[in-house]
Amino acid sequence: MKTPTAPSPRLASRIDKLTGSVARDILSRTQDKEIISFAGGLPDASLWRDLKLPEVPPSAFQYGPSEGERSLREILARRSKGLGLPANADTTLITSGSQQGLDLAAKLILEPGTPIILEAPSYLAAIQVFKLFQADLHSLPLDSEGICPRALDRLLNETQAPVIYLNPTFQNPSGTSYSLERRKQIAAVLDKHATLLLEDDPYRDIAYDAPPPPPIASFLQTSPWIYLASVSKTLIPGLRLGSLTCSPALFSPLLKLKQAADLHSNRPAQFIATQMLADPAVNQARIDGLCQHYRQKRDLMQTLLAAHFSGLASWEVPSGGMFFWLRFTQRIDLAQALNDTLSRGVAFMPGAPFFADPEDVGTSMRLNFSLVSPERMEEGIRILAAVVRDLHQTAACAESAS
């Protein structure tokens, strides 16, 4: 007897626009500890191997306020205010990672067809969210100082986009950090057009050479803004805590959206984060140690790339964050390269998913240096370069044969 076929469920039309996270897919393929993974944006687990977590009071196990614990909001608001933002605890919302902040902002602003401007390349999980809400995505290329203010002015005139999404400090994936002058110029353009700025700033504290300039939002005079931050990269990623600070008029609807999403973020995690962040001097010493640890890894990867990728790709040495962004001198099949490197125990992140517009895509690769141990980094870069050289030679032979 045949088993009857179950009818397909009737889903919302937006699900057709829902894409999976390529980075998470690669991570699921690299759970084997033998894999040398440059693919994700993962902190180094050795940094908290011997960490003793603060005790959590029993009161943390009860439901709590949707906006988050007041004590944690005050700590994070003081940090934002120190960066020049007109922030306070009453306009600061604790989120389940900065990714939830992106989701809440998208729900607040975007309808099908709403124009939004972002960088090329841009954070792939932000692209994923904006496409889910069926936004009309427009991209501006990055140079060494950020996006071009004149190009932004022209694009805002053309699209009338009500919102722009920027990750201007040690950008994921490119590592670019906008110059001070460029930040001021972009803020002036946004004020001219009354464009809402959605600024994502999870890597600010991971600076290797000098402190980065203040957020772009700190230079706005009249335009509305939403500023996202996170403790995932500098505290413990598994806590999944971020914060959202915004223009006062935006806080109430964002809080209601938070209530509709999950009532409140993890309370025990908030109590842990509050106690770990409470002493500014202790917290700064911990961040200084983290930056020194990652600086050594950055410098090692730069040395290895110069030794193995010279002539194959170009890149800039990032002044902060967790990534190198490689642009290849000729096109190669990076899907094939990924399969080849995975078979040899190495993972990387192809560049294509970081572009909203397929026409912008060249041949590029993001490499994370924060996770892999120094001992294994050399082996991984050597294998990556060997696979890329083989594909270059194959492409050259095919071209000459044609």
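In this report, we go over the structure that sits alongside the text. In every chain, residue numbers begin from 1 and rise along the written sequence. A pLDDT threshold of at least 70 governs which residues receive local features in this predicted model, and a stricter bar of 80 or more applies before side-chain atom pairs are shown or counted, although totals over entire chains, interfaces and linings include all residues. Values shown for side chains rest on all heavy atoms present in the structure; no hydrogens or waters enter the calculation.

## Some points on the pattern of salt bridges
Salt-bridge detection follows one rule: a side-chain nitrogen of Lys or Arg within 4 Å of a carboxyl oxygen of Asp or Glu. Using the criterion set out here, one finds 13 salt bridges in the structure. Across the salt bridge formed by Asp 201 and Arg 204, the nearest N and O atoms sit 2.7 Å from each other. Where Asp 209 meets Arg 298, a salt bridge forms, and the shortest distance between an N and an O atom there is 3.4 Å. On the criterion of sequence distance, the pair formed by Asp 209 in the loop between strand E6 (196-200) and strand E7 (225-230) and Arg 298 in helix H9 (residues 280-308) is long-range, its members being 89 residues apart. Relative accessibility decides the category of a residue: with a 1.4 Å probe and only protein chains considered, values under 20% of the type maximum give buried, values over 50% give exposed, and everything between is partly exposed. The class of Arg 298 is buried, set by a relative accessible area of 6%. In this text, helices come from DSSP runs of H or I with a minimum length of four residues, and strands from runs of E with a minimum of two, each type numbered from the N-terminal end.

## Brief notes about the pairing of E7
E7 sits mainly inside the fold: six of its six residues count as buried. Every second residue of E7 is oriented toward a common face, with Trp 225, Tyr 227 and Ala 229 on one face and Ile 226, Leu 228 and Ser 230 on the other, all of them buried. What makes two strands pair is DSSP finding at least two bridges between them. Sheet analysis places E6 next to E7, joined by four bridges and oriented parallel. Directly across from Asp 200, in E7, lies its bridge partner Leu 228. Bridge count between E7 and strand E8 (residues 242-246): five bridges; the pairing is antiparallel. Paired with Ser 230 across the bridge in E8 is Gly 242.

## What to know about the sheet that holds strand E12 (residues 349-350)
Taken in spatial order, the four strands of this open sheet run E9-E10-E13-E12, and their pairing is antiparallel. This sheet does not close on itself; its edge strands, each paired only once, are strand E9 (313-314) and E12. With two bridges connecting them, E9 and strand E10 (residues 323-328) associate as antiparallel partners. Bridging across to E10, Ser 314 finds its partner in Arg 327. Residue contacts are defined here by distance: any two heavy atoms, one from each residue, within 4.5 Å place the two residues in contact. Under this scheme, a helix contributes an axis fitted over its contacting stretch, all axes are lines through C-alpha atoms, and angles between N-to-C directions fall in the 0 to 180 degree range. In this fold H9 packs onto E10 and strand E13 (364-368), with an angle of close to 20° to the strand it touches most, E10.

## What about the pairing of strand E5 (residues 163-166)?
Side chains of E5 alternate between two faces, with Val 163 and Tyr 165 and Ile 164 and Leu 166 buried alike. Where strand E3 (residues 115-120) meets E5, three bridges bridge the pair, whose relative direction is parallel. Following the sheet pairing, Leu 118 is matched in E5 by Tyr 165. Relative to E6, E5 is paired through four bridges, and the arrangement is parallel. In the sheet register, Ile 164 faces E6, and the bridge partner there is Leu 197. If the strands point away from the viewer and the path from the first strand over the helix to the second runs clockwise, then the crossover is right-handed. Taken together, E5, helix H6 (residues 180-193) and E6 constitute a β-α-β crossover, and its handedness is right-handed.

## Observations concerning the environment of Asp 136
Take Asp 136: it is sitting in strand E4 (residues 136-141). Sequence spacing of Asp 136 and Thr 159 is 23 residues, and the spatial spacing of their C-alpha atoms is 9.5 Å. Non-local contacts of Asp 136, meaning those with residues more than four positions away in its chain, are made with Gly 113, Thr 114, Pro 115 and Ile 116. A polar contact is formed between the side chain of Asp 136 and the side chain of His 138, at a distance of 3.0 Å. Residues adjacent in sequence count toward polar contacts only when both atoms are side-chain atoms; beyond that, a polar contact is any pair of N or O atoms within 3.5 Å, and within protein one must be able to donate a hydrogen and the other to accept it.

## Observations regarding the packing of helix H2 (residues 70-82) against helix H8 (residues 267-277)
Running from N to C, H2 and H8 point in directions that differ by 45°, and their axes come no closer than 9 Å. Judged by the angle between their axes, H2 and H8 are oblique. Of the two possible hands of crossing, H2 and H8 adopt the one that is left-handed. Note on element contacts: H8 touches H2 through Gln 270, Ala 273, Thr 274 and Leu 277, opposite Ser 71, Leu 72, Ile 75 and Leu 76. For the contact of H2 with H8, the residue count by class is five nonpolar, three polar and no charged. An angle below 35 degrees is read as roughly parallel, one above 145 as roughly antiparallel, one from 65 to 115 as roughly perpendicular, and any other as oblique. Here is the rule for handedness: rotate from the far helix to the near one, and if that takes an anticlockwise turn smaller than a right angle the crossing is left-handed, while a clockwise turn gives right-handed. For this classification, Asp, Glu, Lys and Arg are treated as charged, while Ala, Val, Leu, Ile, Met, Phe, Trp, Tyr, Cys and Pro are nonpolar and the rest, including Gly, are polar.

## Focus: the sheet that holds E7
Adjacent strands of a sheet pair through backbone hydrogen bonds, lying either parallel or antiparallel. On the basis of which strands lie adjacent, the open sheet formed by seven strands has the order E2-E8-E7-E6-E5-E3-E4 and mixed pairing. The outermost strands of the open sheet, each flanked by one partner alone, are strand E2 (92-95) and E4. Strand-to-strand twist across the sheet, computed as the mean angle between neighbouring axes with direction ignored, equals 20°. As judged from the four bridges shared by E2 and E8, these two strands associate in the antiparallel manner. Considered in E8, the bridge of Thr 92 is made with Thr 245. Seen against the sheet, H2 touches E2, E7 and E8 and runs at an angle of roughly 115° to E2. Where helix H5 (residues 149-159) meets the sheet, its contacts fall on E3, E4 and E5, and the angle it forms with E4 comes to roughly 160°.

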